[in-house]
Amino acid sequence: MKSLEYIDYFTAANPGYMTLNGTNQYLLGREEITVIDVALPGEENIGGILAQAEEMGGKRIEKILLTHIHRDHCGGALALKKRSGARVGLCALRAGYLGGEDFTYAGGDSISYDGGELAVVHTPGHESGHCCFYEPRQRILFTGDHILGQGTTVIPPPDGNMAAYIHSLEKLLKLKIRLLLPGHGPVIHDPYGKIQEYIDHRLLREREVLECLGEGRNMIPAIAAKIYAGLPSPLVSAGQLSVEAHLLKLIREGRVVREGERYLLAAKG
Ligand SMILES: [Zn+2]
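Each residue is numbered by its place in its chain's sequence as written, counting from 1. This being a predicted model, a pLDDT of at least 70 is required before a residue's local features are given, and a value of 80 or more before pairs of side-chain atoms are given or counted; all residues contribute to the totals for chains, interfaces and linings.

## Observations regarding helix 6 (residues 220–227)
This is how it is decided: Using C-beta atoms placed from the backbone, we call a residue buried if 20 or more other C-beta atoms fall within 10 Å of its own, exposed if 12 or fewer do, and partly exposed for counts in between. Under the scheme used here, helices are H or I runs from DSSP no shorter than 4 residues and strands are E runs no shorter than 2 residues, and both carry numbers assigned from the N terminus. Regarding the arc, it is the one traced by the directions from the helix axis to the C-beta atoms. Note on contacts: residues are paired as contacts if their backbone-placed C-beta atoms lie within 7 Å.
Those residues of helix 6 that fall on the buried side of the exposure criterion are Ile223, Ala224 and Ile227. Down the axis of helix 6, the buried set is contained in an arc of 95°. They therefore lie on one face. For helix 6, the elements touching its buried residues are helix 5 (191–214) and helix 7 (236–252).

This is the structure in C-alpha coordinates:
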(Lines give C-alpha, C1' and ligand atoms only; values in the text may rest on other atoms or scores of the structure.)
Protein backbone atom coordinates (compact mmCIF):
# COMPACT_ATOMS: atom_id res chain seq x y z
CA MET A 1 0.00 0.00 0.00
CA LYS A 2 1.72 3.08 -1.32
CA SER A 3 0.78 5.90 1.00
CA LEU A 4 1.46 3.84 4.12
CA GLU A 5 4.71 3.42 5.98
CA TYR A 6 5.54 0.01 7.44
CA ILE A 7 2.04 -1.30 6.77
CA ASP A 8 1.01 -4.06 4.40
CA TYR A 9 -1.54 -6.83 4.29
CA PHE A 10 -2.23 -10.36 3.23
CA THR A 11 -5.81 -11.34 2.43
CA ALA A 12 -6.90 -14.78 3.59
CA ALA A 13 -8.45 -17.18 1.08
CA ASN A 14 -11.85 -17.15 2.80
CA PRO A 15 -14.07 -15.11 0.47
CA GLY A 16 -17.83 -15.17 1.06
CA TYR A 17 -20.96 -13.11 1.56
CA MET A 18 -19.89 -11.98 5.02
CA THR A 19 -16.14 -11.88 4.39
CA LEU A 20 -16.29 -10.22 0.94
CA ASN A 21 -12.88 -10.75 -0.72
CA GLY A 22 -11.60 -12.57 2.37
CA THR A 23 -10.19 -11.32 5.66
CA ASN A 24 -7.55 -8.60 5.37
CA GLN A 25 -4.74 -9.50 7.76
CA TYR A 26 -2.56 -6.42 8.30
CA LEU A 27 1.17 -6.45 8.91
CA LEU A 28 2.90 -3.49 10.59
CA GLY A 29 6.51 -2.77 11.37
CA ARG A 30 10.07 -2.78 10.08
CA GLU A 31 11.98 -5.76 11.45
CA GLU A 32 9.61 -6.78 14.22
CA ILE A 33 6.22 -7.34 12.64
CA THR A 34 2.85 -6.96 14.34
CA VAL A 35 -0.06 -8.75 12.68
CA ILE A 36 -3.68 -7.64 13.09
CA ASP A 37 -6.12 -10.58 12.72
CA VAL A 38 -5.27 -14.08 11.51
CA ALA A 39 -8.21 -15.77 9.82
CA LEU A 40 -7.12 -19.26 8.89
CA PRO A 41 -4.75 -21.76 10.52
CA GLY A 42 -3.75 -23.61 7.32
CA GLU A 43 -0.27 -23.54 5.83
CA GLU A 44 -1.34 -21.50 2.81
CA ASN A 45 -2.45 -18.64 5.04
CA ILE A 46 0.26 -18.81 7.71
CA GLY A 47 2.94 -19.22 5.03
CA GLY A 48 1.44 -16.28 3.13
CA ILE A 49 1.64 -14.01 6.18
CA LEU A 50 5.24 -15.06 6.88
CA ALA A 51 6.23 -14.46 3.24
CA GLN A 52 4.57 -11.04 3.31
CA ALA A 53 6.45 -10.18 6.50
CA GLU A 54 9.72 -11.17 4.89
CA GLU A 55 8.96 -9.09 1.83
CA MET A 56 8.55 -6.05 4.10
CA GLY A 57 11.98 -6.67 5.56
CA GLY A 58 10.61 -8.28 8.70
CA LYS A 59 12.89 -10.54 10.69
CA ARG A 60 10.17 -12.05 12.82
CA ILE A 61 6.55 -11.76 13.86
CA GLU A 62 6.54 -10.16 17.27
CA LYS A 63 2.87 -9.66 18.12
CA ILE A 64 -0.57 -10.70 16.99
CA LEU A 65 -3.50 -8.39 17.80
CA LEU A 66 -7.11 -9.42 17.28
CA THR A 67 -9.96 -7.03 16.49
CA HIS A 68 -12.49 -9.55 17.80
CA ILE A 69 -13.14 -13.20 18.49
CA HIS A 70 -15.12 -14.22 15.41
CA ARG A 71 -13.42 -17.10 13.69
CA ASP A 72 -12.66 -15.24 10.47
CA HIS A 73 -10.44 -12.89 12.53
CA CYS A 74 -8.90 -15.10 15.19
CA GLY A 75 -9.09 -18.62 13.71
CA GLY A 76 -5.42 -18.71 12.71
CA ALA A 77 -3.92 -16.77 15.64
CA LEU A 78 -2.63 -19.73 17.60
CA ALA A 79 -1.27 -21.41 14.46
CA LEU A 80 0.73 -18.26 13.60
CA LYS A 81 1.88 -18.01 17.20
CA LYS A 82 3.13 -21.58 17.05
CA ARG A 83 5.04 -21.01 13.81
CA SER A 84 6.53 -17.64 14.72
CA GLY A 85 6.74 -17.43 18.50
CA ALA A 86 4.70 -14.22 18.40
CA ARG A 87 2.78 -13.10 21.48
CA VAL A 88 -0.99 -13.03 21.02
CA GLY A 89 -3.10 -10.22 22.46
CA LEU A 90 -6.84 -10.09 22.94
CA CYS A 91 -9.42 -7.67 24.35
CA ALA A 92 -9.47 -8.05 28.14
CA LEU A 93 -13.23 -8.64 27.99
CA ARG A 94 -12.48 -11.83 26.06
CA ALA A 95 -9.58 -13.04 28.21
CA GLY A 96 -9.33 -16.82 28.11
CA TYR A 97 -11.37 -17.17 24.93
CA LEU A 98 -8.48 -18.41 22.79
CA GLY A 99 -6.88 -20.35 25.59
CA GLY A 100 -3.46 -19.24 24.47
CA GLU A 101 -3.25 -15.48 24.54
CA ASP A 102 -0.23 -13.82 26.15
CA PHE A 103 -1.57 -10.38 26.98
CA THR A 104 -4.80 -8.42 26.94
CA TYR A 105 -5.75 -4.85 26.16
CA ALA A 106 -8.63 -2.47 26.73
CA GLY A 107 -9.90 0.75 25.19
CA GLY A 108 -7.44 3.61 25.77
CA ASP A 109 -4.39 1.34 25.94
CA SER A 110 -1.40 2.06 23.77
CA ILE A 111 0.44 -0.83 22.10
CA SER A 112 3.82 -0.25 20.50
CA TYR A 113 4.88 -1.70 17.17
CA ASP A 114 8.21 -1.40 15.37
CA GLY A 115 7.33 1.87 13.65
CA GLY A 116 5.02 3.60 16.09
CA GLU A 117 2.15 3.17 18.46
CA LEU A 118 -1.37 1.86 18.18
CA ALA A 119 -4.16 3.15 20.39
CA VAL A 120 -6.84 0.61 21.25
CA VAL A 121 -10.36 1.91 20.59
CA HIS A 122 -13.02 -0.32 22.13
CA THR A 123 -15.89 -0.50 19.62
CA PRO A 124 -18.58 -2.88 20.90
CA GLY A 125 -21.59 -3.52 18.68
CA HIS A 126 -20.67 -6.21 16.15
CA GLU A 127 -19.05 -8.10 19.04
CA SER A 128 -18.87 -6.82 22.62
CA GLY A 129 -15.10 -7.15 22.79
CA HIS A 130 -14.47 -5.62 19.37
CA CYS A 131 -11.50 -3.23 19.21
CA CYS A 132 -10.25 -0.98 16.43
CA PHE A 133 -6.58 0.02 16.36
CA TYR A 134 -5.65 3.63 15.68
CA GLU A 135 -2.26 4.68 14.36
CA PRO A 136 -2.05 8.41 15.19
CA ARG A 137 1.13 9.30 13.28
CA GLN A 138 -0.27 8.08 9.95
CA ARG A 139 -3.86 8.77 11.03
CA ILE A 140 -5.02 5.28 10.13
CA LEU A 141 -7.73 3.21 11.76
CA PHE A 142 -7.82 -0.57 11.47
CA THR A 143 -11.54 -1.22 11.71
CA GLY A 144 -11.95 -5.02 11.81
CA ASP A 145 -15.65 -5.71 11.25
CA HIS A 146 -16.82 -2.44 12.78
CA ILE A 147 -16.70 -0.84 9.33
CA LEU A 148 -16.29 -2.82 6.10
CA GLY A 149 -14.89 -1.73 2.76
CA GLN A 150 -18.24 -2.51 1.15
CA GLY A 151 -21.77 -3.01 2.44
CA THR A 152 -22.58 -3.11 6.14
CA THR A 153 -21.72 -5.37 9.03
CA VAL A 154 -24.17 -7.65 10.84
CA ILE A 155 -25.12 -6.93 14.45
CA PRO A 156 -26.01 -10.36 15.85
CA PRO A 157 -27.83 -10.37 19.24
CA PRO A 158 -27.53 -11.21 22.03
CA ASP A 159 -23.85 -10.24 22.03
CA GLY A 160 -24.25 -7.82 19.13
CA ASN A 161 -25.81 -4.58 20.33
CA MET A 162 -27.22 -1.90 18.03
CA ALA A 163 -27.16 0.99 20.53
CA ALA A 164 -23.54 0.18 21.40
CA TYR A 165 -22.75 -0.14 17.71
CA ILE A 166 -24.07 3.31 16.82
CA HIS A 167 -22.29 4.79 19.84
CA SER A 168 -19.05 3.08 18.74
CA LEU A 169 -19.41 4.67 15.30
CA GLU A 170 -19.98 8.13 16.78
CA LYS A 171 -16.88 7.71 18.93
CA LEU A 172 -14.72 7.43 15.79
CA LEU A 173 -15.77 10.87 14.56
CA LYS A 174 -13.55 12.39 17.27
CA LEU A 175 -10.36 10.80 15.90
CA LYS A 176 -8.23 12.42 13.21
CA ILE A 177 -8.40 9.79 10.48
CA ARG A 178 -7.03 9.76 6.95
CA LEU A 179 -7.79 6.16 5.98
CA LEU A 180 -9.89 3.30 7.26
CA LEU A 181 -8.34 -0.13 6.79
CA PRO A 182 -11.19 -2.62 7.12
CA GLY A 183 -11.14 -6.31 7.98
CA HIS A 184 -12.90 -7.01 4.68
CA GLY A 185 -13.02 -5.10 1.41
CA PRO A 186 -11.02 -2.17 0.07
CA VAL A 187 -9.37 0.73 1.88
CA ILE A 188 -11.75 3.63 2.63
CA HIS A 189 -10.40 7.03 1.59
CA ASP A 190 -13.32 9.10 2.89
CA PRO A 191 -13.39 8.05 6.56
CA TYR A 192 -15.83 10.61 7.93
CA GLY A 193 -18.18 10.20 4.95
CA LYS A 194 -18.19 6.45 5.51
CA ILE A 195 -18.67 6.67 9.29
CA GLN A 196 -21.55 9.13 8.88
CA GLU A 197 -23.05 6.94 6.14
CA TYR A 198 -22.92 3.98 8.52
CA ILE A 199 -24.64 5.96 11.31
CA ASP A 200 -27.29 7.34 8.93
CA HIS A 201 -27.90 3.89 7.50
CA ARG A 202 -28.67 2.41 10.92
CA LEU A 203 -30.92 5.31 11.88
CA LEU A 204 -32.77 4.90 8.56
CA ARG A 205 -33.21 1.18 9.23
CA GLU A 206 -34.53 2.00 12.68
CA ARG A 207 -37.14 4.34 11.20
CA GLU A 208 -38.08 1.61 8.71
CA VAL A 209 -38.50 -0.91 11.52
CA LEU A 210 -40.80 1.54 13.34
CA GLU A 211 -42.77 2.09 10.10
CA CYS A 212 -43.22 -1.66 9.69
CA LEU A 213 -44.55 -1.89 13.25
CA GLY A 214 -46.92 1.00 12.52
CA GLU A 215 -48.27 -0.94 9.52
CA GLY A 216 -48.85 -4.02 11.67
CA ARG A 217 -45.90 -5.90 10.25
CA ASN A 218 -44.64 -7.09 13.61
CA MET A 219 -42.69 -10.32 13.34
CA ILE A 220 -38.97 -10.33 12.59
CA PRO A 221 -39.05 -12.35 9.33
CA ALA A 222 -41.78 -10.11 7.87
CA ILE A 223 -39.95 -6.92 8.88
CA ALA A 224 -36.65 -8.21 7.48
CA ALA A 225 -38.37 -9.28 4.23
CA LYS A 226 -39.61 -5.71 3.80
CA ILE A 227 -36.58 -3.65 4.76
CA TYR A 228 -33.90 -6.07 3.60
CA ALA A 229 -35.79 -7.04 0.42
CA GLY A 230 -33.56 -8.50 -2.27
CA LEU A 231 -30.80 -9.82 -0.02
CA PRO A 232 -29.16 -12.95 -1.42
CA SER A 233 -30.50 -15.95 0.50
CA PRO A 234 -27.30 -16.63 2.49
CA LEU A 235 -27.70 -13.15 4.01
CA VAL A 236 -31.39 -13.40 4.94
CA SER A 237 -30.63 -14.60 8.46
CA ALA A 238 -28.06 -11.80 8.89
CA GLY A 239 -30.78 -9.30 7.94
CA GLN A 240 -33.13 -10.86 10.50
CA LEU A 241 -30.45 -10.62 13.19
CA SER A 242 -29.97 -6.94 12.47
CA VAL A 243 -33.75 -6.37 12.68
CA GLU A 244 -33.76 -8.14 16.03
CA ALA A 245 -30.87 -5.90 17.15
CA HIS A 246 -32.88 -2.81 16.21
CA LEU A 247 -35.94 -4.13 18.08
CA LEU A 248 -33.90 -4.86 21.21
CA LYS A 249 -32.55 -1.29 21.13
CA LEU A 250 -36.10 0.09 20.75
CA ILE A 251 -37.37 -2.10 23.61
CA ARG A 252 -34.59 -0.84 25.89
CA GLU A 253 -35.56 2.69 24.96
CA GLY A 254 -39.19 1.98 25.87
CA ARG A 255 -40.40 2.58 22.32
CA VAL A 256 -41.37 -1.00 21.50
CA VAL A 257 -42.80 -3.87 23.53
CA ARG A 258 -42.59 -7.55 22.82
CA GLU A 259 -45.50 -9.97 23.07
CA GLY A 260 -44.35 -13.49 22.29
CA GLU A 261 -43.00 -13.38 18.73
CA ARG A 262 -44.70 -10.07 18.00
CA TYR A 263 -43.26 -6.61 18.47
CA LEU A 264 -45.59 -3.66 19.02
CA LEU A 265 -45.14 0.08 19.23
CA ALA A 266 -45.28 1.09 22.87
CA ALA A 267 -48.35 3.12 23.80
CA LYS A 268 -47.35 6.74 24.25
CA GLY A 269 -47.55 7.53 27.96
ZN1 LIG B 1 -15.17 -10.61 9.71
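## Description of the domain arrangement of the protein
Here is the rule: Residue ranges assigned to each domain were obtained from an automatic or database domain assignment. Residues are grouped as follows: Ala, Val, Leu, Ile, Met, Phe, Trp, Tyr, Cys and Pro are nonpolar; Asp, Glu, Lys and Arg are charged; every other residue, Gly included, is polar.
Taken as a whole, the protein is organised into domain 1 (7–189) and domain 2 (201–265). Computed over C-alpha atoms only, the centres of domain 1 and domain 2 are separated by 30 Å. Each side of the interface is counted separately: domain 1 has eleven residues, and domain 2 has 14 residues. Looking at the side of domain 1 that touches domain 2 residue by residue, the classes come out as eight nonpolar, three polar and no charged.

## Quick look at the pairing of strand 11 (residues 179–182)
Look at any regular strand and the pattern is simple: side chains alternate between the two faces of the sheet. Quick note on the threshold: Strands are treated as partners if at least two bridges between them are detected by DSSP. When the strands point away from the viewer, a crossover counts as right-handed if the route from the first strand across the helix to the second turns clockwise.
Side chains Leu179 and Leu181 project from strand 11 onto one buried face, and the interleaved Leu180 and Pro182 project onto a second face that is buried too. Alignment of strand 10 (residues 140–144) against strand 11, held across four bridges, turns out to be parallel. Bridging across to strand 11, Ile140 finds its partner in Leu179. Handedness of the β-α-β unit built from strand 10, helix 4 (residues 162–172) and strand 11 comes out right-handed.

## What about the nonpolar core?
This is how the line gets drawn: By convention in this section, buried Ala, Val, Leu, Ile, Met, Phe, Trp, Tyr and Cys residues joined through C-beta atoms within 7 Å make up a nonpolar core.
Judged by nonpolar contacts, the single largest core of 68 residues is most densely connected at Leu27, Val35, Ile49, Ile64, Leu80, Phe133 and Leu141. Counting contributing residues, this core receives three or more from each of domain 1 (7–189) and domain 2 (201–265).

## A look at the sheet that holds strand 10
The pairing of strands in a sheet comes from backbone hydrogen bonds and takes either a parallel or an antiparallel form. Using the following cut-off: Angles run from 0 to 180 degrees between N-to-C directions of axes, and those axes are lines fitted to C-alpha atoms, restricted for helices to the stretch in contact.
A sheet is described by the order of its strands in space; here five strands give the open sequence 7-8-9-10-11, paired in mixed fashion. Each edge of the open sheet carries a strand with a single partner, namely strand 7 (110–113) and strand 11. Geometrically, the sheet is characterised by an average inter-axis angle of 25° between neighbouring strands, direction not taken into account. Pairing of strand 8 (residues 116–122) with strand 9 (residues 131–135) involves four bridges; the strand directions are antiparallel. Looking at strand 9, one finds that Ala119 is bridged to Tyr134.

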